[in-house]
Amino acid sequence: QVHLVESGGGLVQAGASLRLSCTVDVRTFVGSTLGWFRQAPRKEREFVAGVNWSGGKTSYADPVKGRFTISRDNRENTVYLQMDGLSPEDAGVYYCAADTRDRDVVTTMQSYDAWGQGTQVTVSS
């Protein structure tokens, strides 16, 4: 059973924008902190951004601060990642994840207990 489904990835040129979406089943979505992670080839999966249940608290990895924005629509059970000023270093598979236990945003992958299958982001120079 798939609880999270990402969309919005693609191939763009450096400097362009993309918006990723992740639709989450309601049982997983309600009350959960949601996060985006990414994994580049031959690299470990890393935290990108997270948002708590109310949307009032967000956290970003240093490389994306000021360029990426995470948000959630609690009526649509969807979390978004707006990515502006993309660079080739941002390329990778982006995963949506839910942390059903914590109320604050955590950045550790092990805290997230539900994951999507990922969407590919490719940035050409």
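The structure we're discussing is the one just above.
Scope of this entry: the structure provided in the associated data block. (Residues numbered from 1 in each chain as written. Predicted model: local features only at pLDDT ≥ 70, side-chain atom pairs only at ≥ 80, totals over all residues. Heavy atoms only, no water.)

What about the overall build of the protein?
Rules: Each helix is a run of H or I in the DSSP string that is no shorter than four residues. Each strand is a run of E no shorter than two, and both are numbered from the N terminus. For this measure, only C-alpha atoms enter the radius of gyration; the expected value for a globule follows 2.2 Å times N^0.38, where N is the number of residues. For each residue, the accessible area found with a 1.4 Å probe, counting protein chains only, is set against the maximum for its type, and the residue is called buried under 20%, exposed over 50%, and partly exposed in between. Method for areas: the Shrake-Rupley scheme with a 1.4 Å probe, in which residue coverage is limited to the protein chains shown.
Each helix and strand counted, the protein has one helix and eleven strands in total. Along the protein, helices (α) and strands (β) appear in the sequence β-β-β-α-β-β-β-β-β-β-β-β when read from the amino end. Here the protein has a C-alpha radius of gyration of 13 Å; the compact-globule value for 125 residues is 14 Å, and the two agree. On the principal axes, the C-alpha backbone points of the protein span a range of 40 × 30 × 30 Å. A burial count over the protein gives 46% of its 125 residues as buried. Just so you have it, the protein exposes about 6500 Å², and 46% of that area is on carbon and sulfur atoms.

Observations regarding the pattern of salt bridges
Using the following cut-off: The working definition used for a salt bridge is a side-chain nitrogen of Lys or Arg within 4 Å of a carboxyl oxygen of Asp or Glu.
Under the defined criterion, the tally for this structure stands at seven salt bridges. Put simply, Arg38 and Glu46 hold a salt bridge, and the shortest N to O gap is 2.7 Å. The exposure class of Arg38 is buried, given its relative accessible area of 7%. We note a salt bridge from Arg75 to Asp73, for which the minimum N-O separation is 3.5 Å. Accessibility expressed as a relative area gives 15% for Asp73, which makes it buried. Shared partners join several salt bridges into a network, and the residues in it are Arg38, Glu46, Arg67 and Asp90.

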